[in-house]
Amino acid sequence: MTDVLTLDPRRPDPAGIARAAAILRAGGLVVFPTETVYGLGAHALDPVAIERVFSAKGRPAEDPLIVHVHDVNQIGPLTVDVPPAVAALAARFWPGPLTLVLHRSSAVPTLVTAGLGTVAIRVPAHPIAHALIKAAAVPIAAPSANLFSRPSPTRAEHVLQDLDGRVDLIIDGGPTEVGVESTVLDLTEAVPTILRPGAVTLEMIRGVLPDARMRHAVERHPVEQGAAGHGAAPMKSPGLLAKHYSPRAPLTLYEGSNSGMTARISADAAEALARGQRVGLLVATEDRIALASSAALRIERVGSESEPSTVAANLYNALRVLDADGADLILARSFQDASGIGVAIGDRLRRAAGRIIRVD
Ligand code: TXA
Ligand code: MG
């Protein structure tokens, strides 16, 4: 059993923070809330602690960790050749949901960076994360606090589902605000490139670095045009997908017009229910789903299409709720907003999806 410590997210009790910081300094594992998702923290300069992070998560060693510091001035010893853009980006976006990939110094264990010559660093804004990292007085490596391939945790209960008994302490600071992981911006290439979209958007970064670009998206799924019958195509092996955020049940993502998506989701759900399957739907508040209520049907409404920040905040919880409900399959609508945090929502839904169906 793992200890759970509940702290006020606005004004965390210093005694609780001190206890958690002592565990981190001693090489233990502490889960803490950030403004994006919960992180599984460990002393970034302690290779034994870092090894425990990888084994607690079941994470492959070739996936590097983000190092969290409490102030931009802490990045000096961790990096070399820091470009001038860092000061401007830090002034504008730190503390906050932006991670910068920089050239690493030899102080950073190779385990943290998976052998890369670069290190990802961020300064989280959440008062608990900030106070904890400051009190620990060492850089804290923290991946999202989920088991490998599960959705990132946005509530302490999600962490317990995945990591109970695998970490020393979980700090419960309530639901996280943003709900999707930080924007990862690579500053080690000629052109600043977003590797993972998040709440700090390309438009926002271009306000500081006009030439910044989004990494060329990798099309992981052949998009099916109006394919009929949900059970038709086989699932791609999740093991072949490099990095994904997946619920346990296979997820089908629908893209297209609102009316097209909701009609097709209703029809495919009805068909699956008739086959005796349990069905989970991930839809918007305003979507009209033409289905009789059924014990085998669970509908999660993640928010209005016009409020993408609410959708982002509820997304991973909805995936976990549908899984916990025992869904055999999850049918999800996509959200059209291709600006702002809508880009991150689309990215995460596509990564979670086993197949994508376009229904224009
Ligand atoms: O919001 C967040 O970033 C959360 C909270 C806890 O801070 N953390 C998080 O960590 O999402 P994780 O480990 O789940 O995701 C880190 C991402 C991975 O996609 C990893 O490949 C990438 O950052 N990354 C880490 N170091 C990198 C590096 N040196 N170069 C390129 N990508 C890197
Ligand atoms: Mg993660």
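Definitions and cut-offs
- Residues numbered from 1 in each chain as written.
- Chains lettered and ligands numbered in written order.
- Predicted model: local features only at pLDDT ≥ 70, side-chain atom pairs only at ≥ 80, totals over all residues.
- Heavy atoms only, no water.
- Phe/Tyr/Trp six-rings, centres within 6.5 Å; stacked < 30°, edge-to-face > 60°.
- Lys NZ or Arg CZ within 6 Å of the ring centre and 35° of its normal.
- Helix = DSSP H or I, 4+ residues; strand = E, 2+ residues; numbered from the N terminus.
- Contact = heavy atoms within 4.5 Å.
- Polar contact = N/O pair within 3.5 Å; in protein donor to acceptor, adjacent residues only side chain to side chain.
- Near = heavy atom within 4 Å.
- Expected span 1.5 Å × (residues − 1).
- Buried < 20%, exposed > 50% of the residue type's maximum accessible area, 1.4 Å probe, protein only.
- Arc of directions from axis to C-beta.

A.B. asks: Teacher, can you tell me more about the packing of aromatic side chains here?
C.D. replies: The description of two aromatic rings rests on the distance between their centres and on the angle between their planes. All told, the structure shown has zero aromatic pairs when counted by the stated rule. It is Arg333 that lies over the ring of Phe335; its NZ or CZ is 4.7 Å from the centre.

A.B. asks: Please explain the environment of Thr79 as it appears in this structure.
C.D. replies: Structurally, Thr79 can be placed in the loop between strand E4 (66-68) and helix H3 (85-93). Remark: the alpha-carbon pair of Thr79 and Ala136, spanning 57 residues in sequence, is separated by 20 Å. Every residue in contact with Thr79, bar those within four places of it in the chain, is listed here: Leu102, His103, Arg104, Ser105, Val119 and Ile121. Within the structure, Thr79 has its side chain in polar contact with the backbone oxygen of Ile75 (distance 2.8 Å).

A.B. asks: Looking at this model, I keep getting lost on the site of ligand 1. Mind explaining?
C.D. replies: Thr36, Asp63, His68, Ser182 and Arg196 are the nearest of the 25 residues found near ligand 1. Note that an oxygen atom of ligand 1 is positioned 2.9 Å from one of the side-chain N or O atoms of Arg59. Contact between ligand 1 and Ser144: an oxygen atom at 2.9 Å from a side-chain N or O atom of the residue. Counting only elements with at least two residues in the shell around ligand 1, the list comes to strand E3 (38-43), E4, strand E6 (118-122) and strand E10 (193-196). In terms of residue count, the dominant contributor to the shell around ligand 1 is E6 (four residues).

A.B. asks: Just checking my understanding: could you explain helix H1 (residues 14-25) for this structure?
C.D. replies: Helical periodicity: at 3.6 residues per turn, an α-helix aligns residues three or four positions apart in one direction. Taking 1.5 Å per residue as the helical rise, H1 with its 12 residues ought to reach 16 Å, and the 16 Å between its terminal C-alpha atoms agrees with that figure. Taken as a whole, H1 has its buried residues at Gly16, Ile17, Ala20, Ala21 and Leu24. The buried residues of H1 occupy an angular sector of 130 degrees when the element is viewed end-on, so they sit on one face. Structurally, H1 contributes buried residues whose contacts are with strand E1 (3-6), strand E2 (30-33), E3, helix H4 (127-136), strand E7 (140-141) and strand E8 (169-172). Downstream of H1 by one or two residues, Gly27 has phi in the positive range, about 95 degrees.

Geometric descriptors of this kind do not, in isolation, establish any biological role.
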